[in-house]
Amino acid sequence: MNYRQAENYILSFTDYEKIPGIAYTSANYDLRRMEKLLQPLGNPHLGTRTVHIAGTKGKGSTAAMISQALITASYKTGLFTSPHLHTLRERIRINGTMISEVDFAALVTRLKPIIEKINKEAAYGELTTFEILTAVIFAYFKKNSVDFQVIEVGLGGRLDATNVAKADVCVITSLSLDHTEILGDTVAKIAAEKAGIIKPGSMVVSAPQVKEAEKIIKQACRQQQAKLIQVGKDITWQKTGGDLHQQTMKIEGRTGDYDLTIPLLGDHQLENAATALAALEALVCLGANISARNIAQGFSQVSWPGRLQILNHEPMVVVDGAHNAYSMRKLVEFIKNYLSYNRCFVIF
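Conventions and cut-offs
- Residues numbered from 1 in each chain as written.
- Predicted model: local features only at pLDDT ≥ 70, side-chain atom pairs only at ≥ 80, totals over all residues.
- Heavy atoms only, no water.
- Helix = DSSP H or I, 4+ residues; strand = E, 2+ residues; numbered from the N terminus.
- Core = buried A, V, L, I, M, F, W, Y, C linked by side-chain atoms within 4.5 Å.
- Buried < 20%, exposed > 50% of the residue type's maximum accessible area, 1.4 Å probe, protein only.
- Contact = heavy atoms within 4.5 Å.
- Pairing = 2+ DSSP bridges.
- Polar contact = N/O pair within 3.5 Å; in protein donor to acceptor, adjacent residues only side chain to side chain.
- Disulfide = S-S within 2.5 Å.
- Expected span 1.5 Å × (residues − 1).
- Axes fitted to C-alpha atoms, helices over the stretch in contact; angles between N-to-C directions.
- Parallel < 35°, antiparallel > 145°, perpendicular 65-115°, else oblique.
- Left-handed = near helix turned anticlockwise from the far one by under 90°.
- Nonpolar A, V, L, I, M, F, W, Y, C, P; charged D, E, K, R; others polar.
- Patch = residues over 30% accessible without salt bridge, like charges linked within 9 Å, V, L, I, M, F, W, Y side chains within 5 Å.
- Areas by Shrake-Rupley, 256 points an atom, 1.4 Å probe, with all protein chains shown as cover.
- Salt bridge = Lys/Arg side-chain N within 4 Å of Asp/Glu carboxyl O.
- Arc of directions from axis to C-beta.

Asker: Break down unusual backbone geometry for me, with residues and values.
Answerer: Cis geometry is found at the peptide bond from Ser82 to Pro83, where omega equals 0°. Mapping Pro83 onto the fold places it in the loop between strand 2 (77–80) and strand 3 (92–94). Of note, the amide linkage connecting Glu314 to Pro315 takes the cis form, showing an omega dihedral of 0°. Examined against the element boundaries, Pro315 turns out to sit in the loop between strand 12 (309–313) and strand 13 (316–319).

Written as structure tokens, this is what we have:
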């Protein structure tokens, strides 16, 4: 297959990203399908140091900051995020560079007979678009011998295709109501699904949460004998300045203090930066060689388009991916607090 054929092949399967309200049960999301798909490839999801990130908001920004700091520390780093803006290839990067069309097509071609065998047997249901894409990333990262893989959950956590990985550090970003028809109609139910990524003996970083979510995460950590680091309690931050190009902040971490600059706008990105820093400090505790300078340089270089991104100043044009009540409030707060305008046009 060439790239276009490979892309069309992957997109020909059930794509739950485009099916609202699909029941989040093991009948539809069964990790045994992933294990059957990855086994003939030599289980590429195992053996690589992994940071696994779940949450309602901020997953991608947090993943991008962690990845960029690891790259700056001279680690070969794979990054898997979703969704994409222009091409599926955006989701799969090594050291910031998208997977090539040639490599993507070659991996899908290699997977095709395995996929068709599994779907013909259908012992645990048929593979989906996201599951196949997740297999592609694990195979790609293993083939290129990455030092770390930073993996963003697609949906939920417990039953997500990415949850076959054995994470060293598990991160749970801010939780709020989203995909309620799938994940549950309370923050506690959603927290239980997200906390499903917590692995036995792992280190867990949690962004500030409402009480019911915090309780669920603490309980999951106790059950898995995982060490919990709470942003906002164990690690604190404050904004020190900023303009329409960047923000500056000070973070008091568990192992040091940091003066940081991030080119991402919105107060919520300060929380994401503190969460990313907590995850990087956890990796240092596990033996990674990441300096305060690496973190500062990495954060200052991070690029994460489509999130409070200013495309033009005169007239002011801002694009954002807000898609639930929480993120819409953050967008409105930013517009009110940082932009001066006489008239505001919203294209939704």
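Read on, since the account is not over.
Asker: Account for the nonpolar core, naming residues and giving values.
Answerer: Across soluble globular proteins, you tend to see nonpolar side chains buried next to one another. If you look at the biggest cluster of nonpolar residues, it comprises 42 residues, and the most contacted ones within it are Ile66, Leu70, Val169, Leu280, Leu283, Ile290 and Phe299. Discounting residues that sit within four places of it in the chain, Leu283 has contacts with Val51, Leu70, Phe148, Val169, Ala288 and Ile290. If you look at the next biggest cluster of nonpolar residues, it comprises 39 residues, including Ile10, Leu88, Ile118 and Ala161.

Asker: An account of the environment of Leu286 is needed here, citing residue identities and associated values.
Answerer: Here Leu286 is to be found in the loop between helix 9 (268–285) and helix 10 (292–301). Along the primary structure Leu286 and Met203 are separated by 83 residues, whereas in three dimensions their C-alpha atoms are 9.1 Å apart. With residues near it in sequence (within four places) discarded, Leu286 still touches Asp168, Val169 and Met203.

Asker: Go over the pairing of strand 9 (residues 236–242), please, and point to the residues and values.
Answerer: Judged from the six bridges that link them, strand 9 and strand 10 (residues 247–252) form a sheet pairing that is antiparallel. Within the sheet, the bridge partner assigned to Thr236 lies in strand 10 and is Glu252. What sits between the antiparallel neighbours strand 9 and strand 10 is a turn of four residues.

Asker: Describe the environment of Val51, naming the residues involved and giving the relevant values.
Answerer: Mapping Val51 onto the fold places it in strand 1 (residues 49–54). Here Val51 is in contact with Ile66, Gln149, Val150, Ile151, Val169, Val171 and Leu283, once residues within four sequence places are set aside.

Asker: Quick rundown of the side chain of Asn272? Include the residues and the values.
Answerer: For Asn272, the location among the structural elements is in helix 9. In this structure Asn272 comes out as buried when scored by relative accessible area, which is 5%. One polar contact links Asn272 to Gln269, side chain to side chain, over a distance of 2.9 Å.

Asker: Account for the state of the cysteines, naming residues and giving values.
Answerer: Under the definition given, this model contains zero disulfides. Of the cysteine sulfurs around Cys221, a residue in no disulfide, the closest is that of Cys170, at 8.4 Å. Accessibility expressed as a relative area gives 3% for Cys221, which makes it buried. As a non-bridged cysteine, Cys285 has Cys170 as the owner of its nearest cysteine sulfur, 15 Å distant.

Asker: Would you mind going over helix 5 (residues 129–143) in detail, with residue names and values included?
Answerer: With 15 residues, helix 5 should cover 21 Å at 1.5 Å per step; its first-to-last C-alpha distance of 21 Å lies within 8% of that length. By the criterion of burial, helix 5 is predominantly enclosed, with 13 of the 15 residues buried. One or two steps after helix 5, the chain reaches Ser145, where phi turns positive at roughly 50°.

Asker: Tell me about the packing of helix 4 (residues 101–121) against helix 5, and name the residues and values.
Answerer: Working note: a packed helix pair is described by the angle between its axes plus the distance between those axes. Contact geometry of helix 4 with helix 5 gives a least axis separation of 10 Å together with a crossing angle of 120°. Classified by the angle their axes make, helix 4 and helix 5 are oblique. Classified by chirality, the crossing of helix 5 by helix 4 is right-handed. Along the contact surface, helix 4 presents Asp103, Phe104, Leu107, Val108, Leu111 and Ile115, while helix 5 presents Ile132, Leu133, Ala135, Val136, Ala139, Tyr140 and Lys143. Here the contact of helix 4 with helix 5 is built from residues that sort into eleven nonpolar, no polar and two charged.

Asker: Any chance you could break down a nonpolar patch on the surface for me, citing the residues and the numbers?
Answerer: Residues Leu311, Val317 and Val319 make up a contiguous nonpolar surface patch of about 220 Å² in total accessible area. Of note, Val317 is situated in strand 13.

Asker: I'd love a proper account of helix 2 (residues 31–38), names of residues and values included.
Answerer: What helix 2 keeps buried is the set Leu31, Arg33, Met34, Leu37 and Leu38. Viewed end-on, helix 2 has its buried residues packed into an arc of 150°, placing them on one side of the element. Against the buried residues of helix 2 lie helix 4 and helix 5. Of the residues flanking the start of helix 2, the one acting as N-cap is Asp30, its side-chain oxygen 2.9 Å from the backbone nitrogen of Arg32.

Asker: So what's going on with the pairing of strand 13? Residues and values would help.
Answerer: Bridge count for strand 12 against strand 13 is four bridges, and the pairing is antiparallel. What sits directly across from Ile310, in strand 13, is Val318.

Nothing here speaks to function; it is all geometry.
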